[in-house]
Amino acid sequence: GTVSLKMHGMDVRTGLGPWLAGMYVDAQWRGRGVGSRLVRAMEKTAKEMGFGEVFLYSSGTEQFYSRLGWRIMEQREYFGCPYTLMGRNIAA
């Protein structure tokens, strides 16, 4: 699996960052906790870099991130497709 930490994620939300991006777990490894470990590793890295909050946008994976403590901030369209903007406070 893979995940990235990007400084810029959405051109319509330029005031937010950093962003969880490029999250992917190969189908044969899904449901085994790989995705959760990748998200936690990205959160740890962002915290070590001095960030207090991270963001992501997604379509259809909100339950996965909600289980990991992410909160829904808004639901809109981006380039004509529905998306959910989520955030997570990592300062604590």
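Up top is the structure.
Reading guide: rules and limits
Residues numbered from 1 in each chain as written. Predicted model: local features only at pLDDT ≥ 70, side-chain atom pairs only at ≥ 80, totals over all residues. Heavy atoms only, no water. Core = buried A, V, L, I, M, F, W, Y, C linked by side-chain atoms within 4.5 Å. Buried < 20%, exposed > 50% of the residue type's maximum accessible area, 1.4 Å probe, protein only. Helix = DSSP H or I, 4+ residues; strand = E, 2+ residues; numbered from the N terminus. Contact = heavy atoms within 4.5 Å. 1 Å grid on protein atoms, 1.4 Å probe; cavity = no way out; pocket = protein on both sides within 12 Å on 5 of 7 lines; lining within 4 Å. Points joined across faces, edges and corners; volume = space filled by probe spheres on them. Phe/Tyr/Trp six-rings, centres within 6.5 Å; stacked < 30°, edge-to-face > 60°. Lys NZ or Arg CZ within 6 Å of the ring centre and 35° of its normal.

Side note on the nonpolar core
Soluble globular proteins tend to pack their nonpolar side chains together in the buried interior. Leu20, Val39, Met42, Ala46, Val54, Leu56, Tyr65, Leu68, Trp70, Met86 and Ile90 form the largest nonpolar core, which has 11 residues in total. Put simply, the parts of the chain that give this core at least two residues each are helix H1 (34-48) and strand E3 (53-58). With residues near it in sequence (within four places) discarded, valine 54 still touches Leu5, Pro18, Met42, Ala46, Trp70, Met86, Gly87, Arg88 and Ile90. Membership of the second largest hydrophobic core comes to 7 residues, among which are Met10, Phe55, Tyr78 and Leu85.

Description of the layout of surface pockets
Taken as a whole, the largest pocket holds about 450 Å³ of empty space. Along the walls of the largest pocket sit 24 residues, with Met23, Tyr24, Thr61, Phe64 and Tyr65 positioned nearest its centre. Sorting the residues of the lining of the largest pocket by element identifies strand E2 (19-24), H1, E3 and helix H2 (62-67) as the ones contributing at least two each. Here the lining of the largest pocket gets 6 residues from one element, more than from any other, and that element is E2.

So, the packing of aromatic side chains
Per the stated rule, a full pass over the model turns up 8 aromatic pairs. For the pair tyrosine 57 and tyrosine 78, a centre-to-centre distance of 5.5 Å together with 70° between the ring planes defines the contact as edge-to-face. Here the residue tyrosine 57 occupies a position in strand E3, and tyrosine 78 occupies one in strand E4 (residues 71-78), the gap between them amounting to 21 residues. For tyrosine 57, a relative accessible area of 38% corresponds to the partly exposed category. On the basis of relative accessible area, tyrosine 78 is assigned to the buried category, the value being 15%. With a centroid separation of 4.9 Å and 75° between ring planes, the pair formed by phenylalanine 64 and tyrosine 65 is classed as edge-to-face. The class for tyrosine 65 is buried, based on a relative accessible area of 5%. For the cation-ring pair, arginine 32 lies above tryptophan 29, with the distance from its terminal atom to the ring centre recorded as 4.6 Å.

Spatial relationships are all this shows, so hold off on functional conclusions.
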